[in-house]
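If you want the building blocks of each chain, they are given just below.
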Amino acid sequence: FPLLIARSLDVVLRNEIERIQSLKLIRKILIISPSKFDISLARSLVSLANAVTEEKDRMLRACLAALCELSVLNPDLFIKSGGVT
């Protein structure tokens, strides 16, 4: 299940609604159970934040907000996924 969410978040094919819904789901999972948050979702957020190829990508700030929440709620996973860099 987490891999499907990460895939829908990473694919940039003018599917804004799907990406927004997947980010909302990621944030809900993070709030409900930060200790069981999957590393593939965290890596997906990190890769989305690092890939600023499209300057008009509106998901960047929401992704950074989710990474900030991850750094507070589960700092070990945040470090393992490469969020510090």
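Scroll up for the structure.
Criteria and cut-off values
- Residues numbered from 1 in each chain as written.
- Predicted model: local features only at pLDDT ≥ 70, side-chain atom pairs only at ≥ 80, totals over all residues.
- Heavy atoms only, no water.
- Axes fitted to C-alpha atoms, helices over the stretch in contact; angles between N-to-C directions.
- Helix = DSSP H or I, 4+ residues; strand = E, 2+ residues; numbered from the N terminus.
- Parallel < 35°, antiparallel > 145°, perpendicular 65-115°, else oblique.
- Left-handed = near helix turned anticlockwise from the far one by under 90°.
- Contact = heavy atoms within 4.5 Å.
- Nonpolar A, V, L, I, M, F, W, Y, C, P; charged D, E, K, R; others polar.
- Expected span 1.5 Å × (residues − 1).
- Buried < 20%, exposed > 50% of the residue type's maximum accessible area, 1.4 Å probe, protein only.
- Arc of directions from axis to C-beta.
- Patch = residues over 30% accessible without salt bridge, like charges linked within 9 Å, V, L, I, M, F, W, Y side chains within 5 Å.
- Areas by Shrake-Rupley, 256 points an atom, 1.4 Å probe, with all protein chains shown as cover.
- Salt bridge = Lys/Arg side-chain N within 4 Å of Asp/Glu carboxyl O.

Q: Can you explain the packing of helix H3 (residues 39–50) against helix H4 (residues 59–73)? Please cite residues and give values.
A: Contact pair H3 / H4: the axes reach a minimum separation of 9 Å and the direction vectors enclose 135°. Our classification of the angle between H3 and H4 gives oblique. Note that H3 runs across H4; the crossing there is left-handed. For the pair H3 and H4, contact is made by Ala42, Leu45, Val46, Leu48 and Ala49 and by Met59, Leu60, Cys63, Leu64, Ala66, Leu67 and Leu70, respectively. Class assignment for the residues of the contact of H3 with H4 results in 12 nonpolar, no polar and no charged.

Q: Give me the lowdown on H4, citing residues and values where you can.
A: The first and last C-alpha atoms of H4 sit 21 Å apart over 15 residues, in line with the 21 Å expected at 1.5 Å per residue. Residues of H4 that are buried: Met59, Cys63, Ala66, Leu67 and Leu70. One side of H4 carries all its buried residues, which in axial view fall inside an arc of 100°. For H4, the exposed residues set more than 90 degrees away from the buried face come down to Arg61 and Val72. Residues of H4 that are buried in the fold lie against helix H1 (2–10), helix H2 (16–32), H3 and helix H5 (75–80).

Q: Describe a nonpolar patch on the surface, naming the residues involved and giving the relevant values.
A: Side chains of Ile31, Val72 and Leu73 sit close together on the surface and give an oily, nonpolar patch of about 310 Å² of accessible area. Relative to the helices and strands, Val72 resides in helix H4. Overall, Val72 belongs to the exposed group, its relative accessible area being 66%.

Q: Go over the environment of Ile32 with me, naming the residues and quoting the values.
A: Residue placement: Ile32 occurs in helix H2. Remark: the alpha-carbon pair of Ile32 and Glu18, spanning 14 residues in sequence, is separated by 21 Å.

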